[in-house]
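What the coordinates show
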Amino acid sequence: MVILTGENNTFSAGADISEFSNMGFNKGPMLTEVVDVVEQCPKPVIAAVDGVALGGGCELALACHFRAAAPGARFGLPEVNIGLLPGAGGTQRLPRAVPAAEALDVMLTGRMVPAQAALASGLVDALAAAPGPRALLEAALSLGRAALRDPQFTVGARRLSCKGPRAGREAAEAALAAADKALSRRRGDVAPQRAVLAAVRAGLDGFAAGMAEEGRLFGELMPTEQSRARRYLFFGERAAFNVPRPSGPLPQIRTVGVLGAGTMGGGIAVCLLRAGYRVALVEARQAGLDNGVRAIRGIFLRDMTKGRLSVDECEKILDRLTPSLDYGSLADVDMVIEAVFENMKLKKEIFAQLDAVTKPDCILCSNTSTLDIDEIASVTSRPDKVLGMHFFSPAHLMRLCEVILRARSSDATVAVVMHMAKRIRKVAVLVGNCHGFVGNRAFFKQSFEAVYLVEEGCPPARVDGVMRKFGNATGPLQTGDIAGNDISYKVRQELGLTDPNNLPEEYQKERWSGLIDMLAEANRLGVKTGKGWYKYSRGGFVPQPDPELEPLLEEYRRKHGLAPRPASSFADEEILTRVLYPLINEGFKILEEGIAAKPSDVDTVFVNGYGFPAHKGGPMFQADEIGLPQLLEKVREYQAKFPNVHYWKPSALLEDLVRKGQTLAQYWAEHGSKSILDKRVPVGAGHRLSKL
């Protein structure tokens, strides 16, 4: 017998995806050839799987005649997440190893299958009795010995390529029909998922036919925009975590204080508890604390009822939560994450108190979405141990966390916070300190243009509809309703922007709109009040047209002397250009100012935090897809049309690249990305106008 296993407690995480974009992909031997050699071996081959068997690693395991797994092993074919389908027989062997419905679910979602579920489905033949290589090897040996003792055993009978669908052709056809129906209801690009269905369907007429179709479809998908975009994001997310680590041991974070038990603070606490941290939750009022604890408990109890947690696991998690009304309960924590209302005066008061009650080496983080982290840190005596952590709501569900670097943050503090963000399963991106950082700074420009379109007569549903057609999860106006229109209103109040006759000097030449103010003052705050740009059923997030909005818009236009264009005059192309291009242009400015270290950081923020479609790669990826000369031409066209809108001024970096005839990707490949740690500068006057 032959036993295949991996080093360092990992069977195989799959092919080297970087080879897909260069000539290395075409160098032999091909993975399909390798798995065929394994399957055709005349001796029984047993895969001994620890850690993960993903992508090509899972396909290699499927080519083996038996599979043994460690208790913590996980299997998966996640190729759809990079815009492809399994390319080394996965679409053919998995439906022959497990029922087609289960195989399709694994391939269409890219989810991982834990060892116990793999055993139940038939993907695995035996589980090791205990963790560790010795027990795993014994399980593999037992499978091989049992086969060799069986006089009826033949290797050919264990080759999946010689079998039909696990549950029969009729069940496979039914599973394909159900999956096809489900895909027809999905938004966005589903080409990889449809390719999976086509390959599995072809395999019903024989393994060779299925393999031929799998290979053909893999080759078709490889050069497409959506596959290139997803592979780019795959590497971009991982590169975002690559920050220099100082020499020597890093401070250990075991207990984290969360200040504020509202929606955001509670969501952050859930993330920390799930990751094994002890959490001290502090709130100013008993009612707020009780509501926060109730919400946290509810999330874990729902996990328990859905079978994601056992009763014992749930109890252990909740035992790590210590609620309190007393700042003194934070005296021994290793880190504090403040999550109170977005108000500079309040945050500075809180940080002064935290500085007084926490131990000197405690790291202090503010969950701020726009405020200057340097100013917040100025009231503390530990400037090297203060950072921003911009979580996205709901924090226990949203993947993104912007980690905001301040002028005097130490390398060790940055490394600790980035490590913690990864441990709580966030996609963390290190960004510079300016108003709105990367995400909100650029998103605000997109939101302003959406509001201007409505002001000019374009229906809100048209604006959002065009962006959903582009692939966004929600349009900018619906996003405002979900976040709460009162948040933008309060920011505008703090900046003195609600009275057009009394604007701060730097805003007096800027185009002004009071539509957000009108919504907030009419209590149209969005989902939380059941009406905003749209109306919503109680507790619902599905936008419905609201006939009460149009009279308000008409009155607003009359009050401010605005003559709207006919709704039919707004073409989809104009809407898309006016909403998307300010976002891209601001992304270029963010790069030239060093607020983001590289284009993929900007794209990682927007795909994971703002609903930008992953199959489009992000705004900076799209810049090259559009073509920088064409992009600059349109930006200049709208700058001429709206000279009083600052964000239509072209980025100097964009103009320079067009002048040189370079793409953004070429420029960054040539110049590389310096660590943003080398760009620690306090917010300056150059960013002030971005507060608009």
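Residues numbered from 1 in each chain as written. Predicted model: local features only at pLDDT ≥ 70, side-chain atom pairs only at ≥ 80, totals over all residues. Heavy atoms only, no water.

A word on the environment of N8
In this structure, N8 sits in the loop between β1 (2-4) and α1 (31-39). For N8, a relative accessible area of 73% translates into the label exposed. With 610 residues separating them in the primary sequence, N8 and G618 have C-alpha atoms 35 Å apart. (Helix = DSSP H or I, 4+ residues; strand = E, 2+ residues; numbered from the N terminus. Buried < 20%, exposed > 50% of the residue type's maximum accessible area, 1.4 Å probe, protein only.)

Describing the domain arrangement of the protein
Domain parsing of the protein yields domain 1 (2-223), domain 2 (255-435) and domain 3 (439-594 + 596-690). Computed over C-alpha atoms only, the centres of domain 1 and domain 2 are separated by 40 Å. (Domains from an automatic or database assignment.)

Quick notes on unusual backbone geometry
S393 connects to P394 through a cis peptide bond whose omega is -5°. Backbone geometry places F437, a non-glycine residue, at a positive phi of 60°. The residue F437 is located in the loop between β15 (427-431) and α17 (439-455) in this model.

Let's talk about the side chain of K616
Within the fold, K616 resides in the loop between α24 (599-609) and α25 (619-626). Lacking a salt bridge, the buried K616 has E225 as its closest oppositely charged neighbour, with an N-O distance of 4.4 Å. Discounting residues that sit within four places of it in the chain, K616 has contacts with E225, A229, F470, F621 and Q622. (Lys, Arg positive; Asp, Glu negative; His and termini not counted. Salt bridge = Lys/Arg side-chain N within 4 Å of Asp/Glu carboxyl O. Contact = heavy atoms within 4.5 Å.)

Some details on the pattern of salt bridges
For the structure on display, the rule yields 45 salt bridges. Salt-bridge contacts for E138 lead to R145; the nearest nitrogen and oxygen are separated by 3.5 Å. The salt bridge involving E237 is made with R399; its shortest N-O contact spans 3.3 Å. Remark: R399 occurs in the loop between β13 (386-391) and β14 (400-404) and E237 occurs in helix α10 (residues 225-240); sequence separation between them is 162 residues. A relative accessible area of 15% places E237 in the buried class. Where salt bridges share partners, they join E449, E455, E456, R511, R565, E574 and R578 into one cluster.

Focus: the packing of helix α12 (residues 286-305) against helix α13 (residues 311-319)
Closest axis-to-axis distance for the α12/α13 pair is 9 Å, and the angle between their directions is 165°. It follows from the interaxial angle that α12 and α13 lie roughly antiparallel. Relative to α13, the crossing made by α12 is right-handed. Of the residues in α13, those touching α12 at I296, R297, F300, L301 and M304 are V311, C314, I317 and L318. (Axes fitted to C-alpha atoms, helices over the stretch in contact; angles between N-to-C directions. Parallel < 35°, antiparallel > 145°, perpendicular 65-115°, else oblique. Left-handed = near helix turned anticlockwise from the far one by under 90°.)

Overview of the pairing of strand β9 (residues 278-282)
Burial runs high along β9: four of the five residues are buried. The pairing of strand β8 (residues 255-259) with β9 spans five bridges and is parallel. From the neighbouring strand, G257 faces β9, where its bridge partner is A280. With helix α11 (residues 263-274) bridging β8 and the parallel β9, this β-α-β connection has right-handed handedness. Alignment of β9 against strand β10 (residues 321-324), held across four bridges, turns out to be parallel. From the neighbouring strand, L281 faces β10, where its bridge partner is P323. (Pairing = 2+ DSSP bridges. Right-handed = clockwise from strand over helix to strand, strands pointing away.)

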